[in-house]
Amino acid sequence: YFSMVYGQKLCYYEPSMEESYRHDALMESHLRRAIEKNELHLHFQPQIDLSTGNVESFEALLRWSNPKFGDVSPVKFIPIAEESGIIVMIGDWVLEEVAKILSEWKKREWLHLRIAVNISPLQFKEENFIEKMKDLIERHSLEPSMLELEITESSMMDVDKTMITLSELKEMNMIISIDDFGTGYSSLSYIKSYPIDIIKIDKSFIQEMDCDQRNQAIAKTIIHLAHSLGLTVIAEGVERLEHVSILKGENCEKAQGFLFSRPVPFEVIENQYLNKLN
Ligand code: C2E
Ligand code: MG
Ligand code: MG
Ligand code: MG
């Protein structure tokens with residue numbers, strides 16, 4: 001242990017804390033330049049329609065490869081991007097990249113395809129978020145229903161503001177999904193009043209579903225609840241065939257997980273799922 005004097009206050013630090021703070025600060029400064037240095041790219045994970053086996057939607061997931069830090073998991077760098085506010089700039093970049101793809105798909109008249117984008121609470125709460133989305137759709141002349149916005153329960157703390165933002169997005173015809181459902185703090189009551197389309201069951205409930213009866217009970221209850229409210233369900237973290245049979249038994253609409261595919265580069269999506277179109 002060592003100590004430092006900050007003004008009048010004497011603070012004790014564990015070296016590991018100091019080190020991890022420096023590490024994060026350094027990572028933040030690299031992250032700040034990641035876009036201009038072309039270090040960010042997107043991978044895409046297919047979502048399988050459980051009743052047909054078709055794949056018509058994909059989730060866009062950020063990847064960061066940096067010369068100093070190597071391939072950094074979003075689990076590590078998204079929180080740093082959020083704490084520093086950089087996530088807004090990065091999120092805008094993600095939306096631009098996805099918009100380019102969607103506008104190409106629209107030109108080919110593949111209007112049934114869809115890409116889901118993760119929206120950080122910081123983006124969602126931005127003053128001009130709606131303006132940005134309108135501008136995006138106009139500039140790329142997008143079909144809004146081809147774009148799905150994944151928000152988390154932490155975006156929905158302010159009930160009135162959330163209601164206004166979601167209503168405007170719905171009015172524009174975009175698809176709204178609640179990501180990591182069941183892990184947040186908000187009360188259940190919002191899902192009956194907010195204009196949302198899809199609930200994504202968090203992978204922590206799905207992964208142990210086949211060997212843990214409690215997780216299975218939670219997953220099934222979420223599916224029933226969503227269906228009785230007229231919402232669609234996507235299960236994430238589907239890793240085993242047992243998961244699929246349980247989900248099919250509950251009429252869960254879609255599944256996403258390593259059993260079907262890991263998130264992959266766009267070229268793989270093109271070769272595997274889009275070649276047969278047209
Ligand atoms: P998420 O949005 O819940 O995305 C699903 C995560 O689960 C992805 O992790 C995906 O690779 C992983 N996953 C998918 N199937 C399986 C499976 O069968 N088993 C297991 N163990 N994991 C599976 P990833 O790509 O590491 O992303 C982690 C999180 O980082 C995302 O969770 C999301 O919250 C955030 N994130 C990723 N890209 C973006 C982005 O563009 N913007 C924002 N704001 N957040 C992002
Ligand atoms: Mg997501
Ligand atoms: Mg999730
Ligand atoms: Mg998430």
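Reading the values: rules and limits
- Residues numbered from 1 in each chain as written.
- Chains lettered and ligands numbered in written order.
- Predicted model: local features only at pLDDT ≥ 70, side-chain atom pairs only at ≥ 80, totals over all residues.
- Heavy atoms only, no water.
- Donors = N, O, S within 2.8 Å, 3.2 Å for Na, K, Ca; no water.
- Helix = DSSP H or I, 4+ residues; strand = E, 2+ residues; numbered from the N terminus.
- Buried < 20%, exposed > 50% of the residue type's maximum accessible area, 1.4 Å probe, protein only.
- Near = heavy atom within 4 Å.
- Polar contact = N/O pair within 3.5 Å; in protein donor to acceptor, adjacent residues only side chain to side chain.
- Areas by Shrake-Rupley, 256 points an atom, 1.4 Å probe, with all protein chains shown as cover.
- Nonpolar A, V, L, I, M, F, W, Y, C, P; charged D, E, K, R; others polar.
- Phe/Tyr/Trp six-rings, centres within 6.5 Å; stacked < 30°, edge-to-face > 60°.
- Lys NZ or Arg CZ within 6 Å of the ring centre and 35° of its normal.
- Pairing = 2+ DSSP bridges.
- Right-handed = clockwise from strand over helix to strand, strands pointing away.
- Core = buried A, V, L, I, M, F, W, Y, C linked by side-chain atoms within 4.5 Å.
- Contact = heavy atoms within 4.5 Å.

Undergrad: Even after reading the chapter, I still don't get the coordination of the magnesium ion (ligand 3), so can you show me in this structure?
TA: Ideal geometry at a metal centre gives angles of 109.5 degrees when four donors are arranged tetrahedrally and 90 or 180 degrees when six donors are arranged octahedrally. Coordination of the magnesium ion (ligand 3) by the protein is provided by D179 (OD), D180 (OD), E236 (OE) and E236 (OE), with metal-donor distances spanning 1.9 to 2.8 Å. Between the magnesium ion (ligand 3) and the magnesium ion (ligand 2), a separation of 4.2 Å is found, and both are coordinated by D179. Here the residue D180 occupies a position in strand 8 (residues 175–181), and E236 occupies one in strand 10 (residues 232–236), the gap between them amounting to 56 residues. The exposure class of E236 is buried, given its relative accessible area of 8%.

Undergrad: Before we go on, may I ask you to explain the site of ligand 1 in this structure?
TA: In the vicinity of ligand 1 there are 24 residues, among which R63, N118, D179, E239 and F258 approach most closely. The separation between an oxygen atom of ligand 1 and a polar side-chain atom of K203 is 3.0 Å. Taken by itself ligand 1 offers 810 Å² of open surface, and the protein chains cover 86% of this. At the level of secondary structure, the elements contributing two or more residues to the shell around ligand 1 comprise strand 4 (55–66), helix 2 (74–84), helix 3 (86–107), strand 8 and helix 8 (203–207). Top contributing element to the shell around ligand 1 by residue count: strand 4, with four residues. Tallied by class, the residues present in the shell around ligand 1 amount to 10 nonpolar, six polar and eight charged.

Undergrad: Is there a simple way to explain the packing of aromatic side chains in this structure?
TA: Aromatic rings in a pair are described by how distant their centres are and how their planes are angled relative to each other. Overall, the coordinates contain eight aromatic pairs when judged by the stated rule. Each ring, one from F124 and one from F129, has its centre 5.9 Å from the other, and the planes form 55°; the classification is tilted. Taken together, the ring pairs connect F44, F58, W105, F266 and Y273 into an aromatic cluster. In this structure, K68 packs its charged tip against the face of F69, placed 5.7 Å from the ring centre. When the ring centre of F258 is taken as reference, the NZ or CZ atom of R262 above it lies at 3.9 Å.

Undergrad: Explain the pairing of strand 8 here, please?
TA: Looking down a regular strand, the side chains alternate between one sheet face and the other. Across the seven residues that make up strand 8, a large majority, six, are buried. Sheet analysis places strand 7 (residues 147–151) next to strand 8, joined by four bridges and oriented parallel. Considered in strand 8, the bridge of E150 is made with S177. Pairing of strand 8 with strand 9 (residues 198–201), which is carried by three bridges, proceeds in the parallel orientation. Bridging across to strand 9, I178 finds its partner in I199.

Undergrad: Can you help me understand unusual backbone geometry in this one?
TA: Across residues other than glycine, the phi torsion is negative in most instances, and most of the peptide bonds are trans. Of note in this structure, N38 is not a glycine but carries a positive phi near 60°. Taking relative accessible area as the criterion, N38 reaches 69% and is therefore assigned exposed. Residue S141 is not a glycine yet carries a positive backbone phi of 35°. Here S141 lies in the loop between helix 5 (129–139) and strand 7.

Undergrad: Mind showing me how you'd approach the pairing of strand 10 here?
TA: Counting buried residues along strand 10, four of its five residues qualify, which places the element largely inside the surrounding structure. Bridge analysis of strand 9 against strand 10 gives four bridges, and the strand direction is parallel. Each bridged residue has a counterpart across the sheet, and for I198 the counterpart in strand 10 is T232. Bridging between strand 10 and strand 11 (residues 254–256) involves three bridges; their strand directions are parallel. Across the sheet, residue I234 finds its bridge partner in strand 11, namely K254. What joins strand 10 to strand 11 is helix 10 (residues 241–249), and the crossover it makes is right-handed.

Undergrad: Just to check I follow, could you spell out the nonpolar core for this structure?
TA: One broad rule of soluble globular proteins: the nonpolar side chains tend to lie buried together. Within the largest apolar cluster, 81 residues are counted, with the highest numbers of intra-cluster contacts made by W105, M133 and L169. Among the elements that take part in this core, helix 3 stands out by supplying 12 residues, more than any other. What M133 contacts, discounting residues up to four positions off in sequence, is L95, L147, L149, L169, M172 and M174.

Undergrad: Explanation requested: the side chain of Q216 in the structure shown.
TA: When you line up the elements, Q216 lands in helix 9 (residues 213–228). Note on Q216: relative accessible area 12%, which makes it buried. Contacts of Q216, omitting those with residues within four sequence positions, involve M209 and I246.

Undergrad: How should I be thinking about the environment of I176 in this particular structure?
TA: Residue position: I176 is located in strand 8. Separated by 20 residues in sequence, I176 and I196 place their C-alpha atoms 5.2 Å apart. Those residues in contact with I176, other than ones at most four positions away along the chain, are L149, I151, L166, L169, K170, P195, I196, D197 and I198.

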